[in-house]
Amino acid sequence: MKEEILERAYHYALGDDECVLRSNEIRAKSPILFVVLGDKVKESIKSIKTEFSQNVMNAEGIMYLYIGLEQGIEDGQTSSLVLPLGKGEEKSSRGTLSSQLFEEENALKILNEQITKVREAILEKGKMFHYWEQIQVSVITDASEEMNSLLPDIVVLLKKKLEQDFKQVTVDLFTVLEETIYTPLEQAISMSFFKEIETYQARDYCYEKPLELLEDGLKLNTAYNQPLFNLTFILSDKKENGQ
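Residues numbered from 1 in each chain as written. Predicted model: local features only at pLDDT ≥ 70, side-chain atom pairs only at ≥ 80, totals over all residues. Heavy atoms only, no water.

### Considering the packing of aromatic side chains
Here comes step 1: Following the criterion strictly, the structure yields six aromatic pairs and no others.
Here comes step 2: Between Phe193 and Phe194, the ring centres sit 6.0 Å apart and the planes meet at 45 degrees, which makes this aromatic pair tilted.
Here comes step 3: Taking the relative accessible area as the measure of exposure, Phe193 reaches 0% and is therefore buried.
Here comes step 4: With a centroid separation of 5.8 Å and an interplanar angle of 70 degrees, the aromatic rings of Tyr200 and Tyr205 are classed as edge-to-face. Each member of the pair, Tyr200 as well as Tyr205, is classed as buried. (Phe/Tyr/Trp six-rings, centres within 6.5 Å; stacked < 30°, edge-to-face > 60°. Buried < 20%, exposed > 50% of the residue type's maximum accessible area, 1.4 Å probe, protein only.)

Structural data, given as structure tokens:
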């Protein structure tokens, strides 16, 4: 069921950004990046890559970034970022992960370096796209994933890095919601997460933390004052009748 749900993200990400050359030939006009956050949705990369490779001519230019606590796939299109963060107690682990990003000596450095590498890899694929002024970023996570507490930090940093080269950076959120198999704890985490999304999408949402690192190790205070995502989607395993 999860693979069927995540294949929908392919269609949303491509959307109006596709250029049909012939009846059966489609090209993405501008760069696309998928950011897969958390171990629970790690396998989604395979499904989405398959969908692109079968339907989009310049699929090799689509980039993928997995961020989690376990090692992921590494290839010419996919980067894997394993953050050196340890899970805390079950009831406080989400808050623990968020605070550890700034407390652990290397965690923030690794995040900055990896996002910079991904940006450079995207730029290297430039000749594969017709339109280079914008980039579509699709973030995928599970509603019960503890690592989604890092969303503001990751998305703000990603936007700041990409805006150095792109005039328009569009970031959409795709949340997988598998209520039929969630434990009571996972259900509680997912409910908290959706409340957080409401905060992220508020017109007066503000973010300010020492997020960016220079080569000499100097931290720059990063301010962000607008909704975190352009659009948010819920990919549920329930049908419209609730079954």
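### Some remarks on the pattern of salt bridges
Here comes step 1: One pass over the structure, following the stated rule, counts seven salt bridges.
Here comes step 2: We note a salt bridge from Arg119 to Asp165, for which the minimum N-O separation is 3.3 Å. Of this pair, Arg119 sits in helix α4 (residues 107–124) while Asp165 sits in the loop between α5 (151–162) and β7 (168–177), and the two are 46 residues apart along the sequence.
Here comes step 3: On the basis of relative accessibility, which here comes to 33%, the residue Asp165 falls in the partly exposed class.
Here comes step 4: For Asp153, the salt bridge identified is with Lys209, shortest N-O distance 3.5 Å. Pair noted here: Asp153 is in helix α5 and Lys209 is in strand β8 (residues 207–213), with a separation of 56 residues, a long-range link.
Here comes step 5: With relative accessibility at 28%, the residue Lys209 sits in the partly exposed group. (Salt bridge = Lys/Arg side-chain N within 4 Å of Asp/Glu carboxyl O. Helix = DSSP H or I, 4+ residues; strand = E, 2+ residues; numbered from the N terminus.)

### A look at the sheet that holds strand β3 (residues 32–37)
Sheets are built from strands that pair by backbone hydrogen bonding, the pairs being arranged parallel or antiparallel.
Here comes step 1: In spatial order, the strands read β5-β4-β3-β6-β7-β10; together these six strands make up an open sheet with parallel pairing. The open sheet is flanked by β5 (78–82) and β10 (231–236), the only strands paired with a single partner. On average, each strand axis in the sheet is tilted by 20 degrees relative to the strand beside it, whichever way the strands run.
Here comes step 2: Where β7 meets β10, six bridges bridge the pair, whose relative direction is parallel. Bridge assignment links Val176 to a residue of β10, and that residue is Leu235.
Here comes step 3: Contacting β3, β4 (63–68), β5 and β6 (134–142), α4 crosses the sheet at an angle of about 175 degrees to β5.
Here comes step 4: Set on the sheet, helix α6 (residues 184–200) makes contact with β6, β7 and β10; between it and β7 the angle comes to about 155 degrees. (Pairing = 2+ DSSP bridges. Axes fitted to C-alpha atoms, helices over the stretch in contact; angles between N-to-C directions. Contact = heavy atoms within 4.5 Å.)

### Notes on the packing of α4 against α5
Here comes step 1: At a minimum axis distance of 10 Å, the contact between α4 and α5 shows a crossing angle of 45 degrees. Considering the angle they form, α4 stands oblique to α5. In this structure, the crossing between α4 and α5 has a hand that is right-handed. Here Leu111, Asn112, Ile115, Thr116, Arg119 and Ile122 of α4 lie close against α5, whose contacting residues are Ile154, Leu157, Leu158, Lys161 and Leu162.
Here comes step 2: Its residues assigned to classes, the contact of α4 with α5 comprises seven nonpolar, two polar and two charged. (Parallel < 35°, antiparallel > 145°, perpendicular 65-115°, else oblique. Left-handed = near helix turned anticlockwise from the far one by under 90°. Nonpolar A, V, L, I, M, F, W, Y, C, P; charged D, E, K, R; others polar.)

### Concerning the layout of surface pockets
Here comes step 1: Roughly 330 Å³ of volume is contained in the largest pocket.
Here comes step 2: Together, 13 residues line the largest pocket, and Asn112, Glu113, Leu213, Leu214 and Glu215 are the ones closest to its centre.
Here comes step 3: Those elements that provide at least two residues to the lining of the largest pocket are α4 and β8.
Here comes step 4: For the lining of the largest pocket, the element with the most residues is α4, which contributes five residues.
Here comes step 5: Split into classes, the residues belonging to the lining of the largest pocket amount to two nonpolar, four polar and seven charged. (1 Å grid on protein atoms, 1.4 Å probe; cavity = no way out; pocket = protein on both sides within 12 Å on 5 of 7 lines; lining within 4 Å. Points joined across faces, edges and corners; volume = space filled by probe spheres on them.)

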